[in-house]
Amino acid sequence: MDITPDADLPLLTIGQLARRTGLPVRTLRYWSDAGVVPEAARSAGGHRLYDPAGLARLELVATLRELGLSHAEVRRVLDRESTVAEVAATHVAALDAQISTLRLRRSVLSAVAAGDREEPGHLDRLNRMARLSAQERQQIIDDFAARACAGLEAEPQLRERLGGGDGGGHQLPDTPTQEQLDAWLELSEMMRDPEFQRFARRAVEHSPANGAAGRGPQPDPHSVFARNLDRTVGAALREGIAPDSPAAAEVVDQLLDHPGPERRAAVRARLRARLDAGIDGRLERYRRLLAVLQDQQPPTPRTAAWTWLATALDVPDAGVGAGQPS
């Protein structure tokens, strides 16, 4: 922005400056007293006079104020402590947050206007969510992840998973559907529920990701286990294999990757403890709600597979696949 003054312009009184710029005299006097637009001299009668440099500086100040910069930000730009680009970038980020909030509020109002659910409780929850800022919604996610993972060995990895990477998996789209609004409302209530927080804590304590810190880059253990569960237990369910049958013991052995006799009992015990911590319909619901938010197909339910596996693990181990009893 060119603020080079015209040296041929005469000194201007504050009234002339106001008429030239369209700004109130009281505003010019405030900026002058604050040193933002200093006077160049005083007339014989003691009136303020401003030179071309002051006029150019004032025009820049007026432009920056119209763009929404505060007095302090304008002062930093004029004093060259910050560039216009730096301050503008800060304002762009702030405007983005405001736009996101306004889009959410618009979506909530649209959902209320188009929907047939007028029960007070539902409308009250929608209203409360619309009033939450993006930062407040993110705080709900962060608090949930922190409580579930505090003190665990692989805490950063687990918190990243529960938090969806800066909340990416838990955040509302810019223009959410009614289904996504309902999903986020239910999900946020789950994450703030102390009982569900304790359940999530027990689940992550037995998670294969816990204790994986310091082992270097590895495949996501959750994804690996899910694939193996479907390959073995899922197939057994589809084939109608009973969990207390001899064939089920071989399925369990395949899932555990045929541990040797010395590890067999310990591996089965760890898996059984993990199932005790993780068999809960709320976890299935949690995963389905995340899928709705991410506009993905609902995940294949795992509760049936976990229940089948828990029953199979409760059957006395005869050492199938190990060559001898444990």
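Residues numbered from 1 in each chain as written. Predicted model: local features only at pLDDT ≥ 70, side-chain atom pairs only at ≥ 80, totals over all residues. Heavy atoms only, no water.

Peer 1: I'd like to hear about the overall build of the protein, residue by residue, with values.
Peer 2: Across its full length, the protein holds 15 helices and three strands. Within the protein, the proportion of its 326 residues that are buried is 37%. Sequence-distant contacts, at least 24 apart, represent 64% of the contacts inside the protein between residues at least 6 apart. Element-wise, carbon and sulfur atoms account for 51% of the exposed surface of the protein, whose accessible area totals about 18,300 Å². (Helix = DSSP H or I, 4+ residues; strand = E, 2+ residues; numbered from the N terminus. Buried < 20%, exposed > 50% of the residue type's maximum accessible area, 1.4 Å probe, protein only. Contact = heavy atoms within 4.5 Å. Areas by Shrake-Rupley, 256 points an atom, 1.4 Å probe, with all protein chains shown as cover.)

Peer 1: Lay out the packing of helix 3 (residues 52–66) against helix 4 (residues 71–78) with the relevant residues and their values.
Peer 2: Where helix 3 contacts helix 4, the two axes come as close as 10 Å, and the packing angle between them is 135°. One way to sum up the angle between helix 3 and helix 4 is to call them oblique. The crossing of helix 3 and helix 4 is right-handed. Facing Arg57, Leu60, Val61, Leu64 and Arg65 of helix 3, the residues of helix 4 in contact are His71, Val74, Val77 and Leu78. (Axes fitted to C-alpha atoms, helices over the stretch in contact; angles between N-to-C directions. Parallel < 35°, antiparallel > 145°, perpendicular 65-115°, else oblique. Left-handed = near helix turned anticlockwise from the far one by under 90°.)

Peer 1: Which residues make up the confidence of the model for the protein, and what values do they have?
Peer 2: Parts of the prediction with low pLDDT should not have their coordinates interpreted in detail. Summing up the model confidence of the protein, the mean pLDDT is 75 and the portion of residues at 70 or higher is 75%. Here helix 8 (residues 155–167) is the element of the protein with the lowest mean pLDDT, 54, and strand 3 (residues 48–50) is the one with the highest, 89. Confidence over residues 1–6 falls short of pLDDT 50; this stretch has eight contacts with residues more than four positions distant or in other chains. Note on residues 213–218: pLDDT is under 50 here. Beyond four places in sequence and across chains, it has two contacts. (pLDDT = per-residue confidence, 0-100.)

Peer 1: Describe helix 12 (residues 246–255), and please don't skip the residues or the numbers.
Peer 2: All of the buried residues along helix 12 are Ala248, Val251, Val252, Asp253 and Leu255. Of the residues trailing helix 12, Asp257 is marked for its positive phi of about 65°.

Peer 1: Outline the side chain of Arg48, listing residues and values.
Peer 2: Structurally, Arg48 can be placed in strand 3. A polar side-chain atom of Arg48 sits 3.2 Å from a polar atom in the side chain of Ser32. Engagement of the side chain of Arg48 in a polar contact is seen with the side chain of Asp33, the distance being 2.9 Å. (Polar contact = N/O pair within 3.5 Å; in protein donor to acceptor, adjacent residues only side chain to side chain.)

Peer 1: Account for the environment of Pro316, naming residues and giving values.
Peer 2: Secondary-structure assignment places Pro316 in the segment after helix 15 (303–314). Judged by relative accessible area, which is 73%, Pro316 ranks as exposed. Along the chain, Pro316 and Asp244 lie 72 residues apart, while their C-alpha atoms are 9.4 Å from each other.

Peer 1: Can you break down the environment of Gln139 residue by residue, with the values?
Peer 2: Assignment of secondary structure puts Gln139 in helix 7 (residues 134–149). Taking the relative accessible area as the measure of exposure, Gln139 reaches 40% and is therefore partly exposed. Of the polar contacts made by the side chain of Gln139, one reaches the side chain of Asp143; its length is 2.8 Å.

Peer 1: How would you sum up the packing of aromatic side chains? Please name residues and give values.
Peer 2: Within the structure shown, the criterion is met by three aromatic pairs. Where Phe144 meets Phe196, the ring centres are 5.8 Å apart and the plane angle is 10°; that geometry is what we call stacked. With a gap of 52 residues between them, Phe144 in helix 7 and Phe196 in helix 10 (residues 194–205) connect regions that are remote in the sequence. Relative accessible area serves as the criterion here: at 1%, Phe144 is assigned to the buried category. On the basis of relative accessible area, Phe196 is assigned to the buried category, the value being 2%. Ring pairing ties together the aromatic residues Phe144, Phe196 and Tyr286, which thus form one cluster. (Phe/Tyr/Trp six-rings, centres within 6.5 Å; stacked < 30°, edge-to-face > 60°.)

Peer 1: Explain the pattern of salt bridges to me, and be specific about the residues and the numbers.
Peer 2: According to the stated counting rule, one finds six salt bridges in the structure shown. The salt bridge partner of Asp79 is Arg75, with a shortest N-O separation of 3.2 Å. Exposure remark for Asp79: the relative accessible area of 38% places this residue in the partly exposed category. When salt bridges with common partners are traced through the structure, they connect Asp33, Glu39, Arg42 and Arg48 into a single cluster. (Salt bridge = Lys/Arg side-chain N within 4 Å of Asp/Glu carboxyl O.)

Peer 1: Tell me what's going on with the sheet that holds strand 3, and back it up with residues and numbers.
Peer 2: One open sheet holds the three strands; their spatial order is 1-3-2, and the pairing between them is antiparallel. Because the sheet does not close on itself, it has two edges, and the strands there are strand 1 (12–13) and strand 2 (41–42). Pairing of strand 2 with strand 3, which is carried by two bridges, proceeds in the antiparallel orientation. Within the sheet, the bridge partner assigned to Arg42 lies in strand 3 and is Arg48. (Pairing = 2+ DSSP bridges.)

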